[in-house]
Amino acid sequence: MPFYPQFHENSLDVADAAVSAVERGEAESEPAWIASKLKNGELNFAVEDPDAPENWPRTLVLWRSNLFGSSAKGEEYFLKHLLGTHNSVQGEDHVASKPRDVRWHEEAPEGKLDLLVSADFRMTSSTLLSDIVFPAATWYEKYDLSSTDMHPFVHAFTPAISPPWEAKTDWKMFQLLADEVARQSRDHLGVRKDVVATALTHDTPGEIAQPGGHAPEWKGTDLPAIPGKNMPNLKIVERDYTAIGDKFVALGPLADKLGLTTKNVTFDVKHQVDQLGRLHGVFDSGAAEGRPALDTDQRMAEAILMLSGTTNGELATQGFETLEKRVGKELSDLARGSEEKRITFKDTQQAPVPVITSPEWSGSETGGRRYAPFTVNIERLKPFHTLSGRMHFFLDHDWLKDMGEMLPTYRPPLDMHRLFGEPKLGEKGELSIAVRYLTPHNKWSIHSEYQDNLFMLSLSRGGTSVWMSPQDATAIEVSDNDWVECVNTNGVFVGRAVVSHRMPEGVVYVHHAQERTIDVPKSETTGKRGGIHNSVTRILVKPTHMIGGYAHLSWAFNYMGPTGNQRDIVSIVRKRSQEVQY
Ligand SMILES: Nc1nc2c(c(=O)[nH]1)N[C@H]1C(S)=C(S)[C@@H](COP(=O)(O)OP(=O)(O)OC[C@H]3O[C@@H](n4cnc5c(=O)[nH]c(N)nc54)[C@H](O)[C@@H]3O)O[C@H]1N2
Ligand SMILES: Nc1nc2c(c(=O)[nH]1)N[C@H]1C(S)=C(S)[C@@H](COP(=O)(O)OP(=O)(O)OC[C@H]3O[C@@H](n4cnc5c(=O)[nH]c(N)nc54)[C@H](O)[C@@H]3O)O[C@H]1N2
Ligand SMILES: [Mo]
């Protein structure tokens, strides 16, 4: 798993030490030297002791995320430990689940962050808590692209008006930030070597690094620690911090030198880089000399369309030809006829444009077909990216063996009473009952978005709500629309009961992303305003989600990694005073 910071020492200093050790002839290579230090314990991964002051990040920039109103499972712990601000954690630290290999601090640090920045165009629970808010341009004030793997169109964002007052496009914000970091780096960081640790990633040689799914421990054993095999790949890179701003607005030289790789298909983009240079111009000096300019949001959008097979037929065909050689099946016919088709940003502005079939995805749109995943695998027998190359259910990794989960199997929810002393399910108190607390996605919003307008608020009854069964409602003498409170060791949530026969007995739904900006009264439990759906949750990481280096059980950016499991949460739901204060 990627983890930042990477080591308990500054990775720039680690890089310097590694380089000089190699110069002195003490090690064969920098990665070998770093691995030997990790092995003998002179160097440690930061994740081995995340509560040590040198091991946590001090700055957090939220962009297109509403962490404290939406995603942060275990919200109150984030408020307490990350931000060190008002919180409603009700219980003690969960000492019952002390880790063995990660160092435990009796006094968990509070207020780890020095600076929280968010870039958003709405007032959210996160902007309320941020030190700095960058006002973002909305979708009608900037150029951008929108597309997903589930629908076959590329859409353009085109500004109807300029961003008002100080608002800036996301591209501009990051550009300005990069320029400022570069300016300050002239005095501070300059040019440094750095170590980069990368996961054993899916569709790279790393995914066959641990054959048989055996993952024996090298730490404290006789086994050697080998980068790229039983530990991350390690690489020394040079970072010119003073050039970050210049590099941010240019397409870098590795694009044409190494090509662009997706799903282990490398696209040779020399022609495209040349075309972009002629279209947008190249820089005549500085760190990006000779490189195509990406200095506006519009140019960046154009570059994305130029460099993707789904919008550039030349690349789609080239990618399929590369793949044909590897899998021995005809594939390039899927893109044939579109060799000269290039979907430009102008095209997408005129109308949503259907994409070209490309090996970047697994489906086919050839001949106007609607996209469905894996059609190329099924119809052309292109191997699935799994251990066996087929649809694959049996998993023989050591850890899955330990968990008894080598085949899909039913696992009951965790017994939170036995494990953590939470109340027993169904346990009744005075006008209260212990229930399972689920937070599925909201029907009246997409996460925290689109709910804070009169239409959606009217449709959803507005404000915070708790869906519950008639049986549970009767047990605590609650009628539809009464105010209730959900409380457990993690925190508190206040909302109106929506009593519905659609809910099974013993379960409540508190829909995802009901944030503290709309109709959130003070809670009786804490006397404080606040508590969101995620106040009552906390994360339990499922160990098998951290398996890596074994075929499709390998980490991949934005695709495969642990999820935050919060679905075994037990909460007391109780009737409260119907007089609410804000
Ligand atoms: N308890 C619980 N927690 C969950 C989940 C759950 O089911 N239960 N679901 C999880 C899942 S699957 C997800 S995906 C996450 C979602 O969690 P988040 O990604 O944190 O949620 P959003 O509310 O979608 O936040 C997106 C923010 O980006 C802003 N935004 C939108 N467009 C732009 C833009 O163009 N520029 C800028 N600068 N900002 C923009 C929006 O205004 C919004 O505030 O939550 C996770 N957390
Ligand atoms: N309207 C709307 N649509 C959305 C989104 C949104 O916010 N709003 N978000 C989008 C995003 S980013 C995502 S990730 C998807 C999420 O889409 P889904 O994964 O479908 O989302 P959920 O509603 O979180 O969960 C689905 C169901 O899982 C059930 N469930 C809970 N625990 C368990 C369990 O232990 N076992 C089983 N079998 N079921 C369980 C819940 O009761 C719930 O009905 O939705 C996408 N679409
Ligand atoms: Mo999601």
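Anything mentioned here points back to the structure above.
Residues numbered from 1 in each chain as written. Chains lettered and ligands numbered in written order. Predicted model: local features only at pLDDT ≥ 70, side-chain atom pairs only at ≥ 80, totals over all residues. Heavy atoms only, no water.

Peer 1: Looking at this structure, how should I read the overall build of the chain?
Peer 2: Each helix and strand counted, the chain has 17 helices and 17 strands in total. Over its C-alpha atoms the chain spans a radius of gyration of 27 Å, differing by no more than 12% from the 25 Å that the globule rule assigns to 582 residues. Overall size of the chain, expressed as C-alpha extent along the three principal axes, is 70 × 65 × 55 Å. Looking at the chain as a whole, 43% of its 582 residues qualify as buried. (Helix = DSSP H or I, 4+ residues; strand = E, 2+ residues; numbered from the N terminus. Rg over C-alpha atoms; globule rule 2.2 N^0.38 Å. Buried < 20%, exposed > 50% of the residue type's maximum accessible area, 1.4 Å probe, protein only.)

Peer 1: Is there a simple way to explain the packing of aromatic side chains in this structure?
Peer 2: Here a ring pair, both rings aromatic, is described through the centre-centre distance and the interplanar angle of the planes. Under the defined criterion, the tally for this structure stands at 10 aromatic pairs. Aromatic side chains Phe-7 and Phe-45 sit 5.9 Å apart centroid to centroid with 25° between the ring planes, which places their arrangement in the stacked category. A residue pair is termed long-range when its members are at least 10 positions apart, and Phe-7 in the segment before helix 1 (11-23) and Phe-45 in the loop between helix 2 (30-40) and strand 1 (59-63) qualify at 38 residues. Judged by relative accessible area, Phe-7 falls into the buried class, the value being 1%. What links up through ring pairs into an aromatic cluster is the set Phe-121, Trp-139, Tyr-140 and Tyr-450. Against the face of Trp-467 rests Lys-443, its NZ or CZ located 5.6 Å from the ring centre. One Lys or Arg, Arg-538, reaches over the ring of Phe-420 and ends 4.4 Å from the middle of that ring. (Phe/Tyr/Trp six-rings, centres within 6.5 Å; stacked < 30°, edge-to-face > 60°. Lys NZ or Arg CZ within 6 Å of the ring centre and 35° of its normal.)

Peer 1: How do you make sense of the environment of Glu-330 when you look at a structure like this?
Peer 2: For Glu-330, the location among the structural elements is in the loop between helix 11 (313-327) and helix 12 (345-350). In the structure, Glu-330 is positioned 50 residues away from Arg-380 in sequence and 7.6 Å away in space, judged by C-alpha atoms. Those residues in contact with Glu-330 that sit more than four places away from it in its chain are Glu-324, Arg-336 and Arg-380. (Contact = heavy atoms within 4.5 Å.)

Peer 1: What is the right way to look at the site of ligand 2 in this model?
Peer 2: The full set of residues close to ligand 2 is Leu-438, Pro-440, His-441, Asn-442, Ser-445, Ile-446, His-447, Tyr-509 and Arg-567. The contact in question runs from a nitrogen atom of ligand 2 to an N or O atom on the side chain of His-441, over 2.8 Å. The contact in question runs from a nitrogen atom of ligand 2 to an N or O atom on the backbone of Asn-442, over 2.9 Å. In isolation ligand 2 exposes 920 Å². Once the protein is present, 44% of that is buried. Here the shell around ligand 2 is built from residues that sort into 4 nonpolar, 4 polar and 1 charged. (Near = heavy atom within 4 Å. Polar contact = N/O pair within 3.5 Å; in protein donor to acceptor, adjacent residues only side chain to side chain. Areas by Shrake-Rupley, 256 points an atom, 1.4 Å probe, with all protein chains shown as cover. Nonpolar A, V, L, I, M, F, W, Y, C, P; charged D, E, K, R; others polar.)

Peer 1: Sorry if this is basic, but what is going on with the site of ligand 1 here?
Peer 2: The environment of ligand 1 is made up of 26 residues, and the closest members are Ser-71, Asp-120, Lys-142, Ser-448 and Asn-534. Between ligand 1 and Ser-70 there is a distance of 2.9 Å, counted from an oxygen atom to a side-chain nitrogen or oxygen. One nitrogen or oxygen atom from the side chain of Asp-120 is found 2.6 Å from an oxygen atom belonging to ligand 1. If ligand 1 stood free it would expose 930 Å²; the protein chains cover 85% of that surface. Every element with two or more residues in the shell around ligand 1 is listed here: helix 3 (67-71) and strand 2 (115-120). With 3 residues, helix 3 is the largest single contributor of residues to the shell around ligand 1. Taken together, the residues that form the shell around ligand 1 break down as 6 nonpolar, 13 polar and 7 charged. Each of domain 1 (11-237) and domain 3 (417-575) contributes no fewer than three residues to the shell around ligand 1. (Domains from an automatic or database assignment.)

Peer 1: Just to check I follow, could you spell out helix 1 for this structure?
Peer 2: Here helix 1 is 13 residues long and its end C-alpha atoms lie 18 Å apart, about the 18 Å a rise of 1.5 Å per residue gives. Every buried residue of helix 1 is listed here: Ser-11, Leu-12, Val-14, Ala-15, Ala-18, Val-19 and Ala-21. Packed against the buried residues of helix 1 are helix 2, strand 6 (191-198) and strand 7 (233-240). Of the residues trailing helix 1, Gly-25 is marked for its positive phi of about 80°. (Expected span 1.5 Å × (residues − 1).)

Peer 1: So what exactly am I meant to see when it comes to unusual backbone geometry here?
Peer 2: Tyr-4 connects to Pro-5 through a cis peptide bond whose omega is -5°. Structurally, Pro-5 can be placed in the segment before helix 1. Even without being glycine, Asn-481 reaches a positive phi, approximately 80°. Here Asn-481 is to be found in the loop between helix 17 (470-475) and strand 14 (483-487). For Asn-481, a relative accessible area of 30% gives the class partly exposed. Of note in the backbone geometry, Ala-513 takes a positive phi value of approximately 65° without being a glycine. Looking at the secondary structure, you find Ala-513 in the loop between strand 16 (507-509) and strand 17 (570-575). Take Ala-513: its relative accessible area is 0%, and that puts it in the buried class.

Peer 1: Help me understand the environment of Ala-72 in this model?
Peer 2: For Ala-72, the location among the structural elements is in the loop between helix 3 and helix 4 (75-83). Residues Ala-72 and His-385, spaced 313 residues apart in sequence, show a C-alpha to C-alpha distance of 31 Å. In this view, Ala-72 contacts Leu-67, Phe-78 and Asn-534; residues no more than four positions away in its chain are not counted.

Peer 1: Before we go on, may I ask you to explain the pattern of salt bridges in this structure?
Peer 2: When the charged atoms of two side chains lie near each other, side chains of opposite charge can form a pair. Under the counting rule described, the total for this entry stands at 30 salt bridges. As a salt-bridge pair, Arg-576 and Glu-485 come within 2.8 Å of each other at their nearest N and O atoms. Highlighted residues: Arg-576 in the segment after strand 17 and Glu-485 in strand 14, separated in sequence by 91 residues. Glu-485 gets classed as buried once you look at its relative accessible area, which sits at 0%. A single network of salt bridges, built from pairs that share partners, joins Glu-485, Glu-524, Arg-574 and Arg-576. (Salt bridge = Lys/Arg side-chain N within 4 Å of Asp/Glu carboxyl O.)

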